[in-house]
Amino acid sequence: MARRIVGAAIGDCVHVAGILKFMKLATEEGYHTTFLGPAVPVAKLVDAALETEADIIAVGYRLTPEVAWELLAELRQLAQERGLADRRWVFGGTPPVAAVAQEAGFFDRVFRGGEPLAETRAYLQGAEHVSGTRRLADTLLVRIGEAAPYPLLRHHYGRPTLEETMTGVRELAEARVLDIISLGPDQNFQEHFFHPEDMDPQASGAGGVPLRSRDDLLAIYQATRTGNYPLVRCYAGTRELVKMAQLLQQTIHNAWAAIPLMWYNQLDGRSRRPLDEAIAENQAAMAWHAWRGIPVEVNEAHHWSLRDAPDSMAVAMAYLAAYNARAQGVKDYVAQFMFNTPPDTGMWQDLAKMLAKLELIERLAGPEFRIIREVRAGLSSFPVDPDRGRGQLASATLLGMALRPQIVHVVAYCEADHAATTREIIESCRLVRQVIDNALAGLPDLAADPRVQQRKDELISEAELLIGAIAEMGDDKSGDPLVSPAVLAAAVRTGLLDTPHLKGNPEGRGDILTTIHHGACYAVDPTSGRPMGEARRLELWRQQFRGYE
């Protein structure tokens, strides 16, 4: 039997935009809706609820709280007298009037005007509510499905003390602005949790929360079991990744793993692992999660762009990251697209790069390898000025919506100056939600720009050249060269994969020079000093390493 809703603005209130939006969403969710209009007498609304056999009665009022109290008292009495008290009554109004409606204790749900569309849809879909709080699934894939078409919001959080972090995650959960809290632990935890004797006491709390025991993780997770019960996840660690994976799954029920392919070793100084050993261990961590059906993100491509690698290299590495995840048996792959990296990247060039990554990754997709799209703004692109930071966050979010993401990784507007407080995270999430609401209402197809498509195709072609060159480095002993730790490490050590930031690194070369040209990052030809494409770069590399084994 079809579900029915009747709604009206009552009393003298003629403001109907909010209730009409609610009714429109209800229609999209399959309800039969009857809208009575503005300034409807309470008795007329009750009569219509009986006549239409409404399952939900929607009441709108945006005027004086004192008058609202009288109207709602009359409404409640009539509903009880005529046998409608057990129906689902919902209210929408300004925050002061909504507070009166909440106090009346009559409404199943009170909307104050700031709720995200996804929350309203969840209510209409009959999602579980406890004291007006939206309860969502405790696994990533189901939660994505519940929120669709709205993307989940994620933010990182980790303060210098355990107590402050526990208080903060509880506040974030109760604010109900985030779907995913990503714990940011300090480097001592990431590298030395299983070897506390190697920890540097002076670095405790540097860069994140100083987690030192299993109980610390359990306590933080328990602190999130309120509000909208957000999913929780944590950095993968930079040493003994499989043991770390077991710990995180047993304590915080890690929503998904974020593991690099090439990094968190001597290449970036995040641990002492040699490059080839790190690649093999990273792959083993991917396989551990894959065996247990846990989604995996290989946060690889943006690490190269953060170090000013050419855009074509970042695109190639996005493909290799997904390729390696699939090879390790991963079924649900979180593909992260970090915009504004390097920070001087132009907007249309940025979109072209991300579309090129996505198109290559989607070549691997199928029933056994599903792609989950996650977008975020690049941290290094944020201005120190908080107002300009807000603008950057809004701008990057809108551009990212062109990829139709299922997850938006929010970066607080203040992060260029200091680690965000809970208040600043909540403000940033609300800003992002408004951008997403606007985009979902009808965003022009930014990807259709001919310049974007031309650059995307160019980047795909160049990335294919680089991937092919890596494959050529394999031999009969290496098996599939694109997943061989020895081959991948050799690609870095010979400069086939290179960034200017690797100069003087024991595992890399740092010989490459790059430049931003018309908003895109290119390698520089050492003979002419001009930007060059991947074909020319590979030609020079082969001349230098001809006969490499």
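The structure under discussion appears in the preceding block.
## Things to note about the state of the cysteines
On inspection of all chains with the given rule, the structure shows zero disulfides. For the unlinked cysteine Cys414, the closest cysteine sulfur is that of Cys429, found at 11 Å. Assessed through its relative accessible area of 3%, Cys414 is described here as buried.

## Re the environment of Val177
Its place among the elements puts Val177 in the loop between helix H7 (162-175) and strand E9 (180-183). A residue is classified by how much of its surface remains accessible, and Val177, at 4% relative accessible area, is buried. With 150 residues separating them in the primary sequence, Val177 and Thr27 have C-alpha atoms 25 Å apart. In contact with Val177, not counting residues within four places along its chain, are Leu153, Leu172, Ile426, Cys429, Arg430 and Arg433.

## Let's talk about the pairing of strand E14 (residues 370-376)
Most of E14 is tucked away: six of the seven residues are buried. Where strand E13 (residues 332-338) meets E14, seven bridges bridge the pair, whose relative direction is parallel. Bridging from a neighbouring strand, Phe337 pairs with Val375 of E14. Crossover handedness for the path E13 to helix H14 (residues 347-362) to E14: right-handed. The pairing of E14 with strand E15 (residues 407-409) spans three bridges and is parallel. Paired with Glu374 across the bridge in E15 is Ile407.

## Re the side chain of Glu424
Of note, Glu424 is situated in helix H16 (residues 422-440). Residue classification places Glu424 among the buried residues on the basis of a relative accessible area of 7%. Polar contacts involving the side chain of Glu424 include one to the side chain of His418, which spans 2.9 Å. Dropping the residues within four chain positions of it, Glu424 is found in contact with Ala412, Tyr413, Cys414, His418 and Ala419.

## Overview of the sheet that holds strand E4 (residues 88-92)
Taken in spatial order, the five strands make up an open sheet running E2-E1-E3-E4-E5, and their pairing is parallel. Strand pairing shows two members of the sheet lacking a second neighbour, strand E2 (32-35) and strand E5 (109-111), which therefore form its edges. Direction aside, the axes of adjacent strands within the sheet are offset by 20 degrees on average. Sitting on the sheet, helix H2 (residues 42-52) touches strand E1 (4-9), E2, strand E3 (56-60) and E4, and the angle it makes with E1 is about 170 degrees.

## Describing the packing of aromatic side chains
Summed over all chains, the structure comprises 10 aromatic pairs. Ring geometry for Phe111 versus Tyr123: centroids 6.0 Å apart, planes at 85 degrees, classification edge-to-face. Taken as a pair, Phe111 in strand E5 and Tyr123 in helix H5 (residues 117-124) lie far apart in primary sequence, 12 residues in all. The same class applies to Phe111 and to Tyr123, which are both buried.

## A word on the pairing of strand E16 (residues 514-517)
The pairing of E16 with strand E17 (residues 520-524) spans four bridges and is classified as antiparallel. Bridge pairing links Thr514 to Ala523 in E17. Counting the residues that bridge the hairpin from E16 to E17 gives two residues, and of these His518 lies at a positive phi of roughly 50 degrees.

## Quick word on the sheet that holds E17
Reading across from one edge, E16-E17-E18 is the order of the three strands in this open sheet, with antiparallel pairing throughout. Strands with a single pairing partner mark the edges of an open sheet, and in this sheet they are E16 and strand E18 (531-532). In this structure, E17 lies alongside E18, joined through two bridges in antiparallel fashion. Residue Ala523 lies in a different strand from E18, and its bridge partner there is Met532.

The rules behind each value
Residues numbered from 1 in each chain as written. Predicted model: local features only at pLDDT ≥ 70, side-chain atom pairs only at ≥ 80, totals over all residues. Heavy atoms only, no water. Disulfide = S-S within 2.5 Å. Buried < 20%, exposed > 50% of the residue type's maximum accessible area, 1.4 Å probe, protein only. Helix = DSSP H or I, 4+ residues; strand = E, 2+ residues; numbered from the N terminus. Contact = heavy atoms within 4.5 Å. Pairing = 2+ DSSP bridges. Right-handed = clockwise from strand over helix to strand, strands pointing away. Polar contact = N/O pair within 3.5 Å; in protein donor to acceptor, adjacent residues only side chain to side chain. Axes fitted to C-alpha atoms, helices over the stretch in contact; angles between N-to-C directions. Phe/Tyr/Trp six-rings, centres within 6.5 Å; stacked < 30°, edge-to-face > 60°.

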